[in-house]
Amino acid sequence: MGIALPKFLLNMDGASGGIMLLGIVGLCILFPLMIAVIYLSRSSKYTGNYVMHQTLSTYYYFMKPSLAPSKVMDVFIKAAEYMEMPVRRSDDEPLQKLFVAVRSELNLDLKNIRTEQAKFWKQHPSLVKMELLIQAHLTRESFALTPALVKDYRHMLELAPRLLEELVKIALLPRSPNGFGWLRPAIGVVELSQSIIQAVPLSARKAGGGNSEGIAPFLQLPHFTEATVKKIARKKIRAFQELCDMSEVERATLLTQVAGLSEEEARDVELVLEMIPTVEVDIKCETEGEEGIQEGDVVTMYAWVSLQRRSGLTAALPHAPFYPFHREENFWLLLADTASNEVWLSQKISFMDEATAITAASKAIQDTQEALGASPKEIGIAVREAVDRVKKGSRLVMGKFQAPSEGNHNLTSFCLCDAWIGCDSKTSFKLKVLKRSRAGTRTYVPEEGPVAEDGIEEEEEEEEEEYDDYESEYSEDEEEEKKGKGKVANGAAHQRASSDIDSGSDD
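Residues numbered from 1 in each chain as written. Predicted model: local features only at pLDDT ≥ 70, side-chain atom pairs only at ≥ 80, totals over all residues. Heavy atoms only, no water.

**Q** With reference to specific residues and values, describe the side chain of Lys-129.
**A** Considering the arrangement of structural elements, one finds Lys-129 in helix 8 (residues 125-138). Side-chain polar atoms of Lys-129 contact the side chain of Asp-152, separated by 2.5 Å. Setting aside its immediate chain neighbours within four residues, Lys-129 contacts Pro-86, Val-87, Arg-88, Asp-91, Leu-95, Leu-149 and Asp-152. (Helix = DSSP H or I, 4+ residues; strand = E, 2+ residues; numbered from the N terminus. Polar contact = N/O pair within 3.5 Å; in protein donor to acceptor, adjacent residues only side chain to side chain. Contact = heavy atoms within 4.5 Å.)

The following block contains the structure:
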């Protein structure tokens, strides 16, 4: 057995052949190995969502339960990806001019403006640069950026959706004493995402003039400015939903004769209004196989989130002319207790992939029905109903949580869109939890622990004694329900989205 080598290698003397051999080894073995090492060392810095591990650590450290929406920006810009962006000496003068243009959006104390300005510029240069670039985008002042800053500006916007998604997940991590996430910062992050996609300043979200949402929803419409909003307010159109509820003829008259838009501009507004989604949430919480929810039960939440547009489409890209990259709309469903600032369940929802939604809903319904002992015919009917709902623009969200202590718990489900402003849904309902009266326990089973085998007869006697309490507990509940009919209880609620929903900053 032999190895065929090139003839020129065999004709060289020993020194030249050795050099050639080293070159081949270096080019064919060492160089690819070096590339692989560099790739692996860099990829180890990132998560599956292409966000640096250092960024997640920073977000986790600065995330606080009382983080106000106006302070979310300060946490967002501390991402390692942004801190690594270069700050050039040539950027000083353009950034100074940009500071003057967006100074009103920086939450500086006007009474001590000199001190506040000095404090702002003493921050890390990368933080200063990122905040000014984001504010330039929100205020639509990016046209004044230099070519070098435009490159950084586009890179900042390209990274923003991924970073914001991870920031939402950090806010929703179970860190409270009860193992729940935090509501207030989660809403603030989603609101910041909406503002970045639509290029609307955060100050426009402040309530005023009888409108709890501010003028932000109006500014996402084409050809709308603050002056346009003031003009239509003279006709008592102050809320975004009031504009949406008008007939097409009335709206065209308002926009052309009052707001001063041309007929073509009014048609542009109409096209965007047809694309804005309306969201409805039908939510129910129950203990599978039982008539009521008791302390310690494993409660299952069933939520059907339905989306409708005037255009008739279910899947669509948001109208975002100031965001220069491909962007899909997503929704976050949060089951929360607003009084304690706790998020019990959370789920990200997309309406773009119908086939995946059908598969997921079919499997979830089938598994649930099989666990309840339903017949194959009943399972088939339930699955077909679920598939029909998905095809009509609904998505099924399921989750489990452990029932809290006895009492009536006022919960709220939030369905928040990360791309549109003013189409969020907010549904309030009561979760009624009864005192534990069932034999045994329905809490989560621990992974390890001894199993009691003795005293089985004594447990059976205790079950018989507790049966009377079980019946009395439910008989009292039936009397209460008869007295208080019409109230939403045990987590059943259905509500349509409206534009006058309070924003996260009011919660």
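**Q** Run through the side chain of Gln-220, naming residues and quoting values.
**A** Here Gln-220 lies in the loop between helix 11 (216-219) and helix 12 (226-233). Only 2.6 Å separates the side chain of Gln-220 from the backbone oxygen of Ile-421, close enough to count as a polar contact. Setting aside residues up to four positions removed in sequence, Gln-220 forms contacts with Gln-198, Val-200, Phe-240, Ile-276, His-319, Trp-420 and Ile-421.

**Q** Break down the environment of Tyr-50 for me, with residues and values.
**A** Considering the arrangement of structural elements, one finds Tyr-50 in the loop between helix 2 (14-43) and helix 3 (53-62). Residue classification places Tyr-50 among the exposed residues on the basis of a relative accessible area of 58%. Put simply, Tyr-50 and Leu-159 are 109 residues apart on the chain and 9.4 Å apart in space, counted from C-alpha to C-alpha. For Tyr-50, the contacting residues outside a window of four places in its chain are Glu-81 and Arg-162. (Buried < 20%, exposed > 50% of the residue type's maximum accessible area, 1.4 Å probe, protein only.)

**Q** How would you explain the nonpolar core if you had to name every residue and give the values?
**A** Within the largest apolar cluster, 107 residues are counted, with the highest numbers of intra-cluster contacts made by Phe-76, Tyr-82, Phe-224 and Met-301. A per-element tally of this core places helix 9 (residues 147-171) first, with twelve residues. Each of domain 1 (46-151) and domain 2 (278-433) contributes no fewer than three residues to this core. Excluding residues within four positions of it along the chain, Tyr-82 makes contact with Phe-76, Ile-77, Ser-126, Met-130, Met-156, Leu-159, Ala-160 and Leu-163. (Core = buried A, V, L, I, M, F, W, Y, C linked by side-chain atoms within 4.5 Å. Domains from an automatic or database assignment.)

**Q** Tell me about the packing of helix 16 (residues 354-371) against helix 17 (residues 376-391), residues and numbers included.
**A** The interhelical angle for the contact between helix 16 and helix 17, taken along N-to-C directions, is 150 degrees, at an axis separation of 9 Å. Put simply, helix 16 runs roughly antiparallel to helix 17. Relative to helix 17, the crossing made by helix 16 is right-handed. Seen from helix 16, the contacting residues are Glu-354, Ala-357, Ile-358, Ala-361, Ser-362, Ile-365, Gln-366, Gln-369 and Glu-370; seen from helix 17, they are Ile-379, Ala-382, Val-383, Ala-386, Val-387, Val-390 and Lys-391. (Axes fitted to C-alpha atoms, helices over the stretch in contact; angles between N-to-C directions. Parallel < 35°, antiparallel > 145°, perpendicular 65-115°, else oblique. Left-handed = near helix turned anticlockwise from the far one by under 90°.)

**Q** Which residues make up the layout of surface pockets, and what values go with them?
**A** Computed from the structure, the largest pocket encloses a volume of approximately 630 Å³. What lines the largest pocket is a set of 26 residues, among which Ser-70, Lys-71, Glu-105, Leu-106 and Asn-107 lie closest to the centre. Of all elements in the fold, only helix 4 (72-76), helix 7 (113-121), helix 8 and helix 10 (183-198) reach the threshold of two or more residues within the lining of the largest pocket. A class-by-class count of the residues in the lining of the largest pocket yields eight nonpolar, nine polar and nine charged. (1 Å grid on protein atoms, 1.4 Å probe; cavity = no way out; pocket = protein on both sides within 12 Å on 5 of 7 lines; lining within 4 Å. Points joined across faces, edges and corners; volume = space filled by probe spheres on them. Nonpolar A, V, L, I, M, F, W, Y, C, P; charged D, E, K, R; others polar.)

**Q** Give a description of the pattern of salt bridges that names residues and reports values.
**A** Between side chains of opposite charge, a pair can form as their charged atoms come close. Applying the stated criterion across every chain, the model contains 16 salt bridges. Across the pair Lys-129 and Asp-152 runs a salt bridge, and its minimum N-O distance is 2.5 Å. Here the residue Lys-129 occupies a position in helix 8, and Asp-152 occupies one in helix 9, the gap between them amounting to 23 residues. By relative accessible area, Lys-129 is classed as buried at 1%. Each of Arg-88, Asp-91, Lys-129 and Asp-152 takes part in salt bridges that share partners, so that together they form one network. (Salt bridge = Lys/Arg side-chain N within 4 Å of Asp/Glu carboxyl O.)

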